Amino acid sequence: MSTPAVTDKRAGSLRGASLPKWFPLAVVVGSVAVAVAIGLGAGLDSKVQWGLIAAVLAVLVTYVVASRVEGRRQAKDRIATSLVWVCFLVAVVPLASLIWATAKRGVKVLDGYFLSHSMAGVADTEPGGGIYHALLGTLEQVGLATLIAVPIGVLTAIYLVEYGRGGLAKAVTFFVDVMTGIPSIVAGLFVLSFWILILKMGYSGFAGSLALAILMMPVVVRSTEEMLKLVPNELREASLALGVPKWRTILKVVLPTSIGGIATGVMLSIARITGETAPVLLLVWGTNFINTNPFKDPQGSLPLYIYQQYANSSGSGAAYDRAWAAALTLIAFVMILNLVARGIARWKAPKTGR
Amino acid sequence: MDTTTQHNDAAPPLTPTGPGAHKRATRGATRPGDRIFLGLSRGSGILLLVIMAAIAVFLTYRAALAINKDDGNFLTTFEWNTGLLPPQFGIAVLAFGTVVSSIVAMALAVPVAVGIALFLTHYAPRKLSGPIAYVIDLLAAVPSIVYGLWGALVLVPHLNGLYGWLDDYFGWTGILSWQGGAPRSLLTVGILLAIMILPIITNVSREVFRQVPQMHEEAALALGATRWEVIRMSVLPFGRSGVISASMLGLGRALGETMAVATVLSPTFDIKASLLDPGGGTFAQNIASKFNEATEFGQDALIASGLVLFVITLLVNGAARMIINRRKEYSGANA
Amino acid sequence: MKLQRKNRRALALGVLAASGALALTACGSDNNSGKDGGGSSSSAAAAPGSVKCDSAKGQLQASGSSAQKNAIDAWVKQYGQACKDVQINYNPTGSGAGITAFLQGQTAFAGSDSPLKPEEIDQSKKVCSGGQAIDLPMVGGPIAVGFNVPGVDSLTLDPATIAKIFNGKITNWNDEAIKKLNPSAKLPDLKIQAFHRSDESGTTDNFTKYLIATAKSDWPYSGGKAWQAKGGQSAQGSSGLAQQVKQTSGAISYFELSYASDGIKTVDLKTGAATPAKATVENATKAIASAQVVGTGQDMALKLNYEPKEDGAYPLTLVTYEIACDKGNKADTLPAVKSFLSYIASEDGQKQLTGASYAPIPDEIITKVRSTISGLS
């Protein structure tokens, strides 16, 4: 209640048609101070509320003051500016908290021992153990899934862009869309019935890879398709005009031109499937021991490890520590993939000639 | 995916039925190398179709097995007990919970995401927007299990105060009253989902806003428009359908989210009037929760609910695609 | 040309990454004996005597009940120290999934909170060539009713009151029914937050079985692994429930005693006996002692006595069975199964249980289990 009066005085001293540059900053500082005062005074224990009060105050004060001093159009502009800033801050808080919490709690047990040992013989409630088996399993499963999904995905995209016409192409386009909507657990169930129950293969890393590949394929097709479409037709025409066969044109001209974008798409899809828990739970099954062979017997997996440490641990601190450390490792892995993807994209960005 | 619009003027084979594509394909197919390559690429397309067909057949088959034996009504029963004789289960609660939590997530995430996208493209200092864009890209790829872990151990304890406050001031509305249980309700799920889909919507929206023709903005500025008026008159109309399709993508992810929901919700098989009271459930969460102890029949029933989720997601994605396609035409005309 | 050279570089990069990953496979270790707390080294000396590895070798897959997870963890640890050639991978997927996996021939044995159903025994004849699956009781577990009421340290409830609380008939901690049972406690005016399992669970099955046996009129449900009462709140898994009780003021829930750690208080049960029984391992052992074997042939399914007259017997318990084939176990896993099951049924194995808040199986029954295990083929 008291803020408008306070800032009014400040604003009152201005005689120009526009507010000074420090005005937004002053409003922010002022409303945060008032919000803290209200929060302390009213005994609100949630910092979230303090933040909300400050945000509402800042927007209101900005509007009131600006509309008086600068007129309605400028006031609307100011309110939009402050709303955009508020949006940004509102989003930053939880996202920063996520990264902060993971980093802070993750580093507790994350060390060389943790990365190079399995959970063999360590009860979930005890400290110790590591994620080596899970890390190895995830790398192998994701690698195999990539090996399956990328050739099929890229070839399908080539078909759609370079050859596709008529009913088949339309059907493929439509079903690729449908496929993106498959809930991951459903893909897991499908492979479970088909691979394990009908073909009688046991749980293995490879079974998980099959499900992950199903989830990965449509993403690869989509992103590759978009990238191939970006290749200027002049390049294709020039190559064909020189008498180069179409398949060589695709392999030597179209693909190299778009390889950066395709690689980025693939990397991002890898990042996406790396975090899948449900299909892995059903198919790879998890183990506490190191199993380097993805084709036989259960393996570990990082997302599964996080889930199990969270769910099976009777809430013991040691297990939570391990879960956070594994989460940090997983995020770091995804981040490295992301960086690599960006590097490739920048390095091989298609020269569009614009 | 939105970058395609840049090159519409170069007439890429967006419409593969065009005469150029036709001619090339027929002439190319005469060489052996071409035939092999065409065969390979068409083969992988067909393989994809076969996989899809197999999944569809499998889903419907097992779902039909379960629904036939359902003693309750599959659409309206407020119960999920496949162990009973005869079994009783229905998706009413799950459909309600899925829709409500997704609506909450969208209502929270879309405005904020658009705000951030505008911030990054039009407000933030250059030096700041690059790194922030990268961090948001990264967050889009953070595995959902990590969001779940964070949600259960960090977010939920922090919501107690907020819920009490909402109950104090808005409890009279009925939908925001709170009985004082643990804050593990559909609203919590909505908030967590909003945080999860925020990066996705922001990313796509940012790309769209970036493609607004410079000329439009400069023209508006030249007429003396304020920054907000520029955005309202040239940026938002251009980006509207892009933002809608981005939101649909986010919605698709929110609908199918499993682990994160399972960790922060207190699922019960009834529908509560208040968003703050624990209860409800979602399709994906229910599958994950019930699957472990399910008998083969129980699994069939869960697959039936998975099929419903699948159809819903399909509709949402289809809508998104339609809107994206329409936008292509729109922006093509303006480029 | 330039593009090609770049591709080659990319290829080289990929090869480098792949070889890096391969190199990584060489440096991990399953050996954790060095780092974890002192506990293991002291008990390590005691274990090997009773463990007979025989010719057991290789990896053993097993899955099932999460209720016995902590017991299996302790056993696997002791066993693994004695028999380095055997790796036992117990996956706490839940009893239902455990039985399913066993019946599909994926696992060597399963753990379950409830005995096999007749149709499951029929199905098992497919995997057990010439035999069938049998239930071997191995772990007794008291189910504790944990509560979080500020200012109340001990609480006595009878089955009827518990049923009413979980059925939403009693909603406040200062209800007359609770007051009558706890004349000396300072019960606050606080809403009761009753938590149940959101997933299907053998713990729920056993908890409701007890309520049905002892308070039928207040618990009008048929029982089963899925929670049937309306209302209340829920959480995933026993550890989820324990976590909620810890965090929520006014909460009450049920979980295995081993989850009632870190200061969670548990309800004393008013039974047929004169004084209420505390939820402890000894009291549960007393109650399990009066259980009867109802399984036929080799099968050792138990029927618990829910209304013991004995003083201090805590009847709210569950028994976890290991399920294996009596005949026709797979040849490559049989030695390991036999050796591991003999260890956990042995005196030393059963002794491990009390340390992990579980109750051992009474002598009379466990001796029969031992002789059954020695006959497995």
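Residues numbered from 1 in each chain as written. Chains lettered and ligands numbered in written order. Predicted model: local features only at pLDDT ≥ 70, side-chain atom pairs only at ≥ 80, totals over all residues. Heavy atoms only, no water.

- Going by an unreviewed UniProt entry, chain B carries the name Phosphate transport system permease protein and comes from Streptomyces spiralis.
- In the Subcellular location (unreviewed entry) part of its UniProt record, chain B is described as follows: "Cell membrane".
- UniProt annotates chain B under Sequence similarities (unreviewed entry) with the comment "Belongs to the binding-protein-dependent transport system permease family. CysTW subfamily." (UniProt positions renumbered as here; feature names shortened; annotations may be inferred.)

- Within an unreviewed UniProt entry, the label attached to chain A reads Phosphate transport system permease protein PstA, and the organism entered is Streptomyces spiralis.
- According to the UniProt record, the Subcellular location (unreviewed entry) comment for chain A is "Cell membrane".
- Regarding chain A, the UniProt comment filed under Function (unreviewed entry) reads as follows: "Part of the binding-protein-dependent transport system for phosphate; probably responsible for the translocation of the substrate across the membrane."

## Thoughts on the interface of chain B and chain A
And step 1. At the interface, 90 residues of chain B touch 92 residues of chain A.
And step 2. Summed over both sides, the interface of chain B with chain A buries roughly 8700 Å², with 75% coming from carbon and sulfur.
And step 3. Put simply, chain B and chain A have one salt bridge between them.
And step 4. The salt bridge involving Arg73(A) is made with Glu229(B); its shortest N-O contact spans 2.7 Å.
And step 5. Taken together, the links from chain B to chain A amount to eight residue pairs in polar contact (both at pLDDT 80 or more).
And step 6. It is helix 2 (residues 32-69) of chain B that provides the largest number of residues to the side of chain B that touches chain A, a total of 20 residues.
And step 7. Split by residue class, the side of chain B that touches chain A holds 57 nonpolar, 20 polar and 13 charged. (Contact = heavy atoms within 4.5 Å. Buried area = accessible area lost by both parts, 1.4 Å probe. Salt bridge = Lys/Arg side-chain N within 4 Å of Asp/Glu carboxyl O. Polar contact = N/O pair within 3.5 Å; in protein donor to acceptor, adjacent residues only side chain to side chain. Helix = DSSP H or I, 4+ residues; strand = E, 2+ residues; numbered from the N terminus. Nonpolar A, V, L, I, M, F, W, Y, C, P; charged D, E, K, R; others polar.)

## Some details on the side chain of Lys290(B)
And step 1. With respect to the helices and strands, Lys290(B) occurs in helix 10 (residues 283-291).
And step 2. Nearest to the buried, unbridged Lys290(B) among oppositely charged side chains is Glu200(C), at 5.2 Å.
And step 3. Discounting chain neighbours no more than four positions away, the residues touching Lys290(B) are Trp80(B), Phe269(B), Leu302(B), Ser198(C) and Glu200(C). (Buried < 20%, exposed > 50% of the residue type's maximum accessible area, 1.4 Å probe, protein only. Lys, Arg positive; Asp, Glu negative; His and termini not counted.)

## Observations concerning empty space enclosed by the protein
And step 1. For the structure shown, the criterion picks out 12 cavities of 30 Å³ or more.
And step 2. Its boundaries defined by the atoms lining it, the largest cavity holds a volume of some 350 Å³.
And step 3. Taken together, 29 residues make up the lining of the largest cavity; nearest its centre are Asn312(A), Asn292(B), Ser66(C), Pro92(C) and Asp199(C).
And step 4. Contributing elements (two or more residues each) for the lining of the largest cavity: helix 13 (302-311) of chain A together with helix 8 (202-214) and helix 9 (237-247) of chain C.
And step 5. Here the lining of the largest cavity is built from residues that sort into six nonpolar, 17 polar and six charged.
And step 6. Each pocket or cavity is described by its volume, and for the second largest cavity that value is around 270 Å³.
And step 7. Listing elements by their share of the lining of the second largest cavity, those giving two or more residues are strand 1 (80-81) and helix 10 of chain B together with strand 6 (193-197) of chain C.
And step 8. Top contributing element to the lining of the second largest cavity by residue count: helix 10 of chain B, with four residues. (1 Å grid on protein atoms, 1.4 Å probe; cavity = no way out; pocket = protein on both sides within 12 Å on 5 of 7 lines; lining within 4 Å. Points joined across faces, edges and corners; volume = space filled by probe spheres on them.)

## With respect to unusual backbone geometry
And step 1. Despite not being glycine, Trp285(A) shows a phi value in the positive range, around 80°.
And step 2. Tracing the backbone through its elements, the reader meets Trp285(A) in the loop between helix 12 (278-283) and helix 13.
And step 3. Non-glycine residue Ser357(C) carries a positive phi angle of around 65°.
And step 4. The topology assignment puts Ser357(C) in the loop between helix 12 (347-355) and helix 13 (363-374).

## Focus on the nonpolar core
And step 1. If you look at the biggest cluster of nonpolar residues, it comprises 186 residues, and the most contacted ones within it are Ile182(A), Ile214(A), Ile306(A) and Trp150(B).
And step 2. The element contributing the most residues to this core is helix 3 (residues 92-123) of chain B, with 17 residues.
And step 3. Beyond its immediate stretch of four places on either side in the chain, Ile306(A) contacts Ala323(A), Ala326(A), Ala327(A), Leu330(A), Ile145(B), Val146(B) and Leu149(B).
And step 4. Core analysis: the next-biggest nonpolar cluster, separate from the first, contains 95 residues, Val152(C), Ala163(C), Tyr259(C) and Met300(C) among them. (Core = buried A, V, L, I, M, F, W, Y, C linked by side-chain atoms within 4.5 Å.)

## Some details on the UniProt feature "domain: ABC transmembrane type-1" (unreviewed entry) in chain B
And step 1. Within this numbering scheme, the UniProt entry marks residues 95-320 of chain B as carrying the feature "domain: ABC transmembrane type-1" (unreviewed entry).
And step 2. From the first C-alpha to the last, residues 95-320 of chain B spans 20 Å; its make-up is 77% helix and 0% strand.

## Topic: the UniProt feature "transmembrane region" (unreviewed entry) in chain A
All names here are of chain A.
And step 1. In this structure's numbering, the residues bearing the UniProt feature "transmembrane region" (unreviewed entry) are residues 22-42, 48-67, 79-101, 142-161, 173-197, 203-221, 253-273 and 323-345.
And step 2. Secondary structure within residues 173-197 divides into 88% helix and 0% strand; the distance between the first and last C-alpha atoms comes to 31 Å.
And step 3. Along residues 253-273, the helical share is 100% and the strand share 0%, with 30 Å between the first and last C-alpha atoms.

## Let's talk about the UniProt feature "transmembrane region" (unreviewed entry) in chain B
And step 1. The positions UniProt marks with the feature "transmembrane region" (unreviewed entry) are residues 45-67, 87-120, 132-156, 186-205 and 301-320 of chain B.
And step 2. In residues 132-156 of chain B, helix accounts for 88% and strand for 0%; the two terminal C-alpha atoms are 26 Å from one another.

## Details of the interface of chain C and chain A
Accessible area lost upon the coming together of the parts serves often as the stated size of an interface.
And step 1. Between chain C and chain A, the residue contacts involve 41 residues of the former and 47 residues of the latter.
And step 2. Summing both sides of the interface, chain C and chain A together bury roughly 3600 Å²; the carbon and sulfur share of this comes to 49%.
And step 3. On inspection of chain C and its partner chain A, the count reaches one salt bridge.
And step 4. In this structure, Glu126(A) and Lys77(C) form a salt bridge, with 2.7 Å as the shortest nitrogen-oxygen distance.
And step 5. Broken down by secondary-structure element, the contributors of at least two residues to the side of chain C that touches chain A are helix 1 (2-25), strand 1 (58-64), helix 3 (69-82), strand 2 (86-91) and helix 9 of chain C.
And step 6. With eight residues, the single largest contributor to the side of chain C that touches chain A is helix 1 of chain C.

## Brief notes about the pattern of salt bridges
All names here are of chain A.
And step 1. For the structure on display, the rule yields 16 salt bridges over all chains.
And step 2. Between Lys108 and Asp321 there is a salt bridge; the shortest N-O distance is 3.4 Å. With a gap of 213 residues between them, Lys108 in the loop between helix 4 (72-106) and helix 5 (112-116) and Asp321 in helix 14 (residues 317-347) connect regions that are remote in the sequence.
And step 3. Assessed through its relative accessible area of 17%, Asp321 is described here as buried.

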